[in-house]
Structure formats: structure tokens, C-alpha cells
Amino acid sequence: MIGAAPIARHTWRLPRVLLPLLLCALIAPSGSPERVRYDGYAAVLVETRDAAEMALVRDLARQIWSDPVPDRGPVVAVLGAPEIALLAARGIPYRIEVADIQAVADAERARLASRVHAASAAEFFAEYRDVQEIHDFVDQLAERHPYLAGVRRLGTSIDGWPIRAVEISRGGPIHIALNGGQHAREWISVMVTACIADRLASESTARISRILDRASFFITPLVNPDGYLHSWNVDRYWRKNRRGGHGVDLNRNYSVGFGGRGSSGRRRSDIYRGEHAFSEPETQAMRRLFVDEDIAAHVDFHSYSQLILYPWSYQGAPPPDRAEHAAVADKMASAIAATHGERYRIGAAPEILYAAGGTMSDWAYGEGGAMSFTVELRPPMGRGGGGFVLPPEQIVPTCDESLAAVLELAEWVTR
Ligand code: 0X9
Ligand code: ZN
């Protein structure tokens, strides 16, 4: 565990060269960033019954929060009161997931403004941490475990933030990659991957020790620092990176199934895939890790809806290793349930959801040859949680169950 020395400041810092640039872009005349607001908007789970209803919801929605779904079925849409009234008038069934998404974001922001400086790992994971705090945490983790943990710079974001992996290794020849924070608003995925890195480095259980005899971990908690900064300071519900101000959905920018279903060629779409595969420095950074290291297993953490997905995402036909993926996903879900009783559904994405072309997981499997999973963390969908705004008391339990899943995967690939 991390000792008593301070491990992070709770102010955010920017790479010095970029500060003037960002100030021009973000700072309003009043001197504070102009925040994107969602007054009067709710997140609504709509049970669409046919393609026309789905098209209507997509048309009405300011954002879609759920995974890509087929042309009918449940979809979580961000809607205002007039749009909700229209659904009601047409008799389309719906349930309110988050009644006031602005109020939820405001409450979180007020709480974060008075968060305490973390003097220990326990304090660090008691609250969400901004881009600078995550950056500092990674440095301090390596400093505190000089023989076990190191920092690997994989690339640089568009706005100049380093994209870094924590390497946890005693020379174990089987390489496992974990990452979080491809999607800016999915803050829990950043905290969970940082927390797993901390646990692997600092918990000397016989089980972890046995795994580290054979496996090395490469953990990138924050793939998309620019988007994350934007989510903290400007738009809580921002998803993409910050390319050109419109952004690219990084999880549509990989080369397997690029351009396919469940992605868009329109810049303003939340699933905009970018100009070409690997057009973004953030996805290039991930590619570098997989090229430099022979990765045997991989988990891409997201939120929310409590799912464990395995390839393919881009198409319905099963891959050669479907049975093995399904068996491991089953073990991971059981390990999660045994930790705090949470249920995570498992399946190939198109079986339980819908195709999404250009995802990291398909590429890690299809090109990288790794067993690969996309894990959607807490809360579950459709049960009135806060969506992307997960209470901070759930960071540690979500880390506990995610670590349990990762250890199952690690034991499988090192067996
Ligand atoms: O859409 C995504 O990139 C992932 N879901 S999220 O809500 N975190 O954005 C899931 C990708 C794989 N899912 C499907 N193929 N449906
Ligand atoms: Zn995501």
C-alpha cells in the first residue's frame, strides 16, 4: 500500500506549452470555463418495439448512453421533457433512469471541489481523481515499488498529455494489457485500472505472487486524457477525444471492422470513427504497446451496464476462439459475483447487443492475437443508478470485483 506521504495534488496542471492555447479555447470572458449544461434533460430507458420507434428515439435524443443496439429493443437516451411527452403520447414504453442529469453532474462537481488531498491509496480511491492526479499517482506507484513497477510512455495526446502504462513485472513472460478511459465520461474505468495496478504492485498475496511469477501487466488507466479533462472541466457527458473540437470515438478507430456497423462517418456523431483507422494518437499509443509487447490477454474497461463482452464486436459470426472466450468470461463473471454479489452479463457483443466496428477489443484479438474482453463496469443499466456518475463509495468495491475478474483471466493464460 502507498505510505503516508502525499501522493497527489487536487489541482490540475497542463503541459506548459499548451496552456495559452487551451486558455484561448476554453476560458470564457468571465475567466472560468464555459460549461456545457443539460438542464431539463433526463436519461431515459426506452423500450423500442420496432425500427421506426428506434429511429424516432435516435432522432429525438441529445445523446445515446447505451451500447449500440439493434433496430429495436432497450436504449438509454438523453431526452428533454417535450421529447418524453412525445414518447408518452405515442404509447412507447419508457422508464426514467436518471431524472435530472444536470443535477447529478452538479452534485458530483460540488463534492469534488471539496475533495481532500489523498495521503494514502485508501484516500486516493475514496474519490474520483482528475488527469493530473492520475498522472502523479502513476509516478508515485513506480517510485514506491522500484523493483516491481515502472512507467512506460506510449505516446502523446493531441493536447500534449503523455499516454502512459504502468508496467508491473518480475519478468513474467506472459503479457497482459489492461486499459481504461478510452471514453471520457466513463470515469470509473480510469479509477478501476489505476486501482488494479496499485493492488497488483502492493498486495503480496500468494495468489498474486504466483501470477506475477508468470505474467507481466501493462496497465494504461487513461487512454484519452484530453477527453477526460474535458469531461471534468467542460462537459461531464463528453465521450470522444478532442480532435478538432468535434472529437473521434477512439473505440471505433481501430482497424478490425473499421468503418462498419455501429460507427459513423459524421464528425458530430458520438460514434464518429475518424478519418481512417489509427488516425488518432491515443489509438496509436495502444497499438505501440501491442507491437512492442506480445500481449496474450487484454481487457478494455468501460462503463456502464455490467457486461463482459468478447469478440467479435463488428460482426455476428463467431470467431475460432469463441468457446474459450465464453469459458473465461464465465469464470470472470462468477468471480465478480462472488466478490460483492454483482451480476455481470456475458456474451459476444452482437449476441446481446449489436455490432460495433473498429473497437479496441476486436483489434487486440483479430490483429494482436490476444484473448480480449470489453468489460462494462457499474452501475447496471435500467435500475436507476446514476449512469456514468457512479457514487465514489463504489470505486473500491468495483475495483475489488474487477481485480477478481482480472486474476481469473491471468490464471487462465498462465495455467
Ligand atoms: O460502444 C462502445 O464502444 C462500448 N460501449 S460504451 O457504452 N462504453 O461506449 C462497447 C463496445 C462493444 N459493444 C458492442 N459491439 N455492442
Ligand atoms: Zn465506453
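Remember, it's a predicted structure, so these values are computed and weren't measured experimentally.

Draft legend 1. Spatial organisation of the state of the cysteines. One pass over the full model with this rule turns up one disulfide. Paired through a disulfide, C195 and C399 show a sulfur-sulfur distance of 2.1 Å. Linking C195 and C399, the disulfide has an S-S dihedral of approximately -85° and is accordingly described as left-handed. A residue pair is termed long-range when its members are at least 10 positions apart, and C195 in helix 7 (residues 187–202) and C399 in helix 14 (residues 395–414) qualify at 204 residues. Across this residue pair, the class does not change: C195 and C399 are buried.

Draft legend 2. Layout of the nonpolar core. Counting residues in each nonpolar core, the largest one holds 67 residues, and the members touching the most others are I168, I196 and F217. With eleven residues, the top contributor of residues to this core is helix 7. Apart from the residues within four sequence positions on either side, I196 is in contact with L178, I219, F301, C399, S402, L403 and V406. Ranked by size, the runner-up nonpolar core spans 21 residues in total, among them L250, F278, M286 and I295.

Draft legend 3. Region of interest: the site of ligand 1. Around ligand 1, a shell composed of 16 residues is seen, among which D67, R239, R252, Y354 and E376 lie nearest. Taking R239, its side chain carries an N or O atom lying 2.5 Å from an oxygen atom of ligand 1. Here a nitrogen atom of ligand 1 sits 2.9 Å away from a polar atom, N or O, in the side chain of S313. Taken by itself ligand 1 offers 420 Å² of open surface, and the protein chains cover 99% of this. Its residues assigned to classes, the shell around ligand 1 shows six nonpolar, five polar and five charged.

Draft legend 4. Geometry of the sheet that holds strand 1 (residues 41–48). Spatially, the four strands line up as an open sheet ordered 2-3-1-4, and their pairing is antiparallel. Two strands bound the open sheet, and with one partner strand each, they are strand 2 (63–64) and strand 4 (94–98). The pairing of strand 1 with strand 4 spans four bridges and is antiparallel. Among the inter-strand pairings, L45 is bridged to a residue of strand 4, identified as R95. Across the sheet, helix 3 (residues 81–89) lies against strand 1, strand 3 (73–80) and strand 4, angled at about 140° from strand 3, the strand it touches most.

Draft legend 5. Just the environment of A285, in detail. By secondary structure assignment, the location of A285 is in helix 10 (residues 281–292). The sequence separation of A285 and D71 amounts to 214 residues, and the corresponding C-alpha distance is 34 Å. Those residues in contact with A285 that lie beyond four places of it in its chain are L154, G155 and I163.

Draft legend 6. How the structure looks around the packing of aromatic side chains. Counting across every chain of the model gives 17 aromatic pairs. With a centroid separation of 6.0 Å and 70° between ring planes, the pair formed by W187 and Y228 is classed as edge-to-face. With W187 in helix 7 and Y228 in helix 9 (residues 225–233), the pair connects residues that are 41 residues apart, well separated along the chain. With relative accessibility at 2%, the residue W187 sits in the buried group. Here the guanidinium or amino end of R62 rests over the ring plane of Y41, the centre of that ring lying 4.8 Å away. The ring of W238 carries R242 above its face, with NZ or CZ at 4.7 Å from the centroid.

Draft legend 7. Quick peek at the sheet that holds strand 5 (residues 149–156). Taken in spatial order, the eight strands of this open sheet run 5-6-8-7-9-12-10-11, and their pairing is mixed. Edge positions in the sheet fall to strand 5 and strand 11 (345–348), since each has one partner strand and no second. Taken over all neighbouring pairs, the strand axes of this sheet differ in orientation by 20° on average, direction set aside. Across seven bridges, strand 9 (residues 295–303) lies against strand 12 (residues 371–377) in parallel orientation. By the bridge assignment, A297 is partnered in strand 12 with M371. Most of the contacts of helix 14 go to strand 9, to which it runs at about 160°, and overall it touches strand 7 (174–179), strand 8 (215–220), strand 9 and strand 12.

Rules behind the numbers
Residues numbered from 1 in each chain as written. Chains lettered and ligands numbered in written order. Predicted model: local features only at pLDDT ≥ 70, side-chain atom pairs only at ≥ 80, totals over all residues. Heavy atoms only, no water. Disulfide = S-S within 2.5 Å. Helix = DSSP H or I, 4+ residues; strand = E, 2+ residues; numbered from the N terminus. Buried < 20%, exposed > 50% of the residue type's maximum accessible area, 1.4 Å probe, protein only. Core = buried A, V, L, I, M, F, W, Y, C linked by side-chain atoms within 4.5 Å. Contact = heavy atoms within 4.5 Å. Near = heavy atom within 4 Å. Polar contact = N/O pair within 3.5 Å; in protein donor to acceptor, adjacent residues only side chain to side chain. Areas by Shrake-Rupley, 256 points an atom, 1.4 Å probe, with all protein chains shown as cover. Nonpolar A, V, L, I, M, F, W, Y, C, P; charged D, E, K, R; others polar. Pairing = 2+ DSSP bridges. Axes fitted to C-alpha atoms, helices over the stretch in contact; angles between N-to-C directions. Phe/Tyr/Trp six-rings, centres within 6.5 Å; stacked < 30°, edge-to-face > 60°. Lys NZ or Arg CZ within 6 Å of the ring centre and 35° of its normal.

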